[in-house]
Amino acid sequence: MAESDDQEIAAALAKLAEQDAAAADEARAALEWIAGESGLAFITQQRIQGFCWYELPVKWFVDLDEKLRLVAALAEALDLLQLPRYAAICRSGTTREILTAYEASTAQGEAAFRRAATASGITPPDLPEFEWGAVMGLEEASAYSSTADFLEVAVASGDLVPGRSGWKARQKELVRAHLNVPQAGLLGQTLAQVILTERAENWVNARRSETRRRILAAIANRLLQPAELPAATAADPLPPLHWLLCQLDGGIALTQTGNLSRQFVQQNADRFGWDFSRPPRTEDDLFDLHRLRHFAQALGLARRSGRLLTLTAKGRRLLGDPGGLWRAAAAGLLGDNQFAVFAGELFLALLLDAASVPDTQIKATVEQAVAEEGFRDSRTGGLPDKYDISWATHETTNLCRVLGLLAVGGDWRDRSYGLTSTGQATALAALRARATGPRTIPWS
């Protein structure tokens, strides 16, 4: 703590002690919790709200009356420190309501905290092109605090008025500007660039496999910029998925077991390469249709409504937005099965700059990385076998083929794979989503 800050806080607490020694002790404990040895500059609206609305009720094991006495004492000290706006937060009905809500349950208290923090206007919102992570690295956490402080200044100056018509749009404008202005202290980089770089570095280095690290490190810098579709396919980059959404616009009948109706399956058998003399009986006979349908549902584009499979509101919106549909599909391309994601990332990275890669080489590389990583079969405790490796890799291979992103060469005995021009852009977008997207757990 700077000496002048130390003296100023000490003087305020001494003056408070003259009136109420117990209150001075409580205020001192709260200020030490909030600012530590960092001084007055570390006391911000974000930290006052965080203390009163989350840390005090969750991390201090005292009863409600004591919590109320403590925030009242903190308010007195903040007044003496010439910080009346922060004192008002401590005394507010909002703070009392939140502390009371925690007495009912932690869930109710946290819900009240989130509502109040959002309504304050200083909580940095997500942007369409950028989401904050629930788990942050040091650079991202610093940028988040910097953005909250920036919004506090905007609120205090009247540039941002929470609750006024259009205030949330203005808040996003301010956040976008703050994240994308070059910072002298960052050698001309923007906060957004620093955050994405940190996320990408963590993504590359988060696993133990040296094979994986080497392959992904070679492409990491390319993932810091958004991928661009080839001009020739930008109007309809994913024809199979777009076709399905068009069919879903009026609803597709389902069987009692939830499969696509036999009539629909048979009407579209030729589209999905059916070349047997008898017609298909269920969607399971048309693997690509089955895979495409479930991908649309996994992306939140389709849902079951009674005996129909229909578009969701998101699906209807993206039906008319080819670029948005492509970005959503790329972000969800690798799914959420961690073993399949591990293999899928390597599959896409290996194909990015290669005209064609033999399937045997892909699987050998994945197998080596899996062994280095230490994956174990949950049933046997042993290393995943060749069948497991093949399944995990083909989760991505098959979906890329279904979406028209893959160039397949050779036959079943000597298969090789390459990416179309749209496939290369999609692979970059999918890997970028993995590398620079928000984190919800320390490693995902």
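In what follows, the structure referred to is the one given above.
Undergrad: Tell me about the overall build of the protein, residues and numbers included.
TA: Across its full length, the protein holds 20 helices and six strands. Over its C-alpha atoms, taken along the principal directions, the protein stretches across nearly 95 × 50 × 50 Å. By the burial criterion, 47% of the 444 residues in the protein qualify as buried. Considering only contacts within the protein whose residues lie at least 6 apart along the sequence, 64% involve residues at least 24 apart.

Undergrad: Mind laying out the pattern of salt bridges, listing which residues take part and the relevant values?
TA: What the rule picks out here adds up to 22 salt bridges. Measuring nitrogen to oxygen at the nearest pair gives 3.6 Å for the salt bridge that ties arginine 207 to glutamate 373. Pair noted here: arginine 207 is in the loop between helix H10 (191-205) and helix H11 (210-217) and glutamate 373 is in helix H18 (residues 359-373), with a separation of 166 residues, a long-range link. According to the relative accessible area criterion, arginine 207 is buried, its value standing at 15%. Three or more residues are tied together by salt bridges with common partners; here these are Glu76, Asp79 and Arg91.

Undergrad: Go over the environment of arginine 376, please, and point to the residues and values.
TA: Counting through the fold element by element, arginine 376 comes out in the loop between H18 and helix H19 (386-402). Taking C-alpha positions, arginine 376 is 51 Å from leucine 68, a pair spaced 308 residues apart along the chain.

Undergrad: Can you lay out the sheet that holds strand S6 (residues 416-419) for me, pointing to particular residues and giving the numbers?
TA: With antiparallel pairing, the three strands of this open sheet are ordered in space as S4-S6-S5. Edge positions in the sheet fall to strand S4 (357-358) and strand S5 (406-409), since each has one partner strand and no second. Where S5 and S6 come together, four bridges link them in antiparallel fashion. Residue pairing in the sheet places alanine 407 in a bridge with glycine 418 of S6.

Undergrad: Could you give an account of helix H16 (residues 322-331), naming the residues involved and the relevant values?
TA: Of all 10 residues in H16, seven are buried; the element is thus mostly enclosed. Within the sequence span of H16, burial applies to Gly323, Gly324, Leu325, Trp326, Ala328, Ala329 and Ala330. Summarising the contacts, the buried residues of H16 are in contact with helix H12 (239-248), helix H14 (287-298), helix H15 (313-319) and helix H20 (421-436).

Undergrad: Can you tell me about the nonpolar core, naming the residues and giving the values?
TA: Membership of the largest hydrophobic core comes to 77 residues, with the highest contact counts inside it found for Leu241, Leu348, Leu351 and Leu403. With 10 residues, the top contributor of residues to this core is helix H17 (residues 338-351). Sequence-distant contacts of leucine 348, defined by excluding residues within four places in its chain, comprise Leu333, Leu334, Thr396, Cys400, Leu419, Ala427, Ala430 and Leu431. If you look at the next biggest cluster of nonpolar residues, it comprises 39 residues, including Leu13, Leu16, Leu40 and Ile48.

Undergrad: Account for the sheet that holds strand S2 (residues 302-305), naming residues and giving values.
TA: Strand order in the open sheet made by the three strands is S1-S3-S2, with antiparallel pairing throughout. Only two strands of the sheet have a single neighbouring strand rather than two, namely strand S1 (252-253) and S2. The sheet strands contacting H12 are S1, S2 and strand S3 (308-311), and the helix crosses S3 at an angle near 115°.

The rules behind these values
- Residues numbered from 1 in each chain as written.
- Predicted model: local features only at pLDDT ≥ 70, side-chain atom pairs only at ≥ 80, totals over all residues.
- Heavy atoms only, no water.
- Helix = DSSP H or I, 4+ residues; strand = E, 2+ residues; numbered from the N terminus.
- Buried < 20%, exposed > 50% of the residue type's maximum accessible area, 1.4 Å probe, protein only.
- Contact = heavy atoms within 4.5 Å.
- Salt bridge = Lys/Arg side-chain N within 4 Å of Asp/Glu carboxyl O.
- Pairing = 2+ DSSP bridges.
- Core = buried A, V, L, I, M, F, W, Y, C linked by side-chain atoms within 4.5 Å.
- Axes fitted to C-alpha atoms, helices over the stretch in contact; angles between N-to-C directions.

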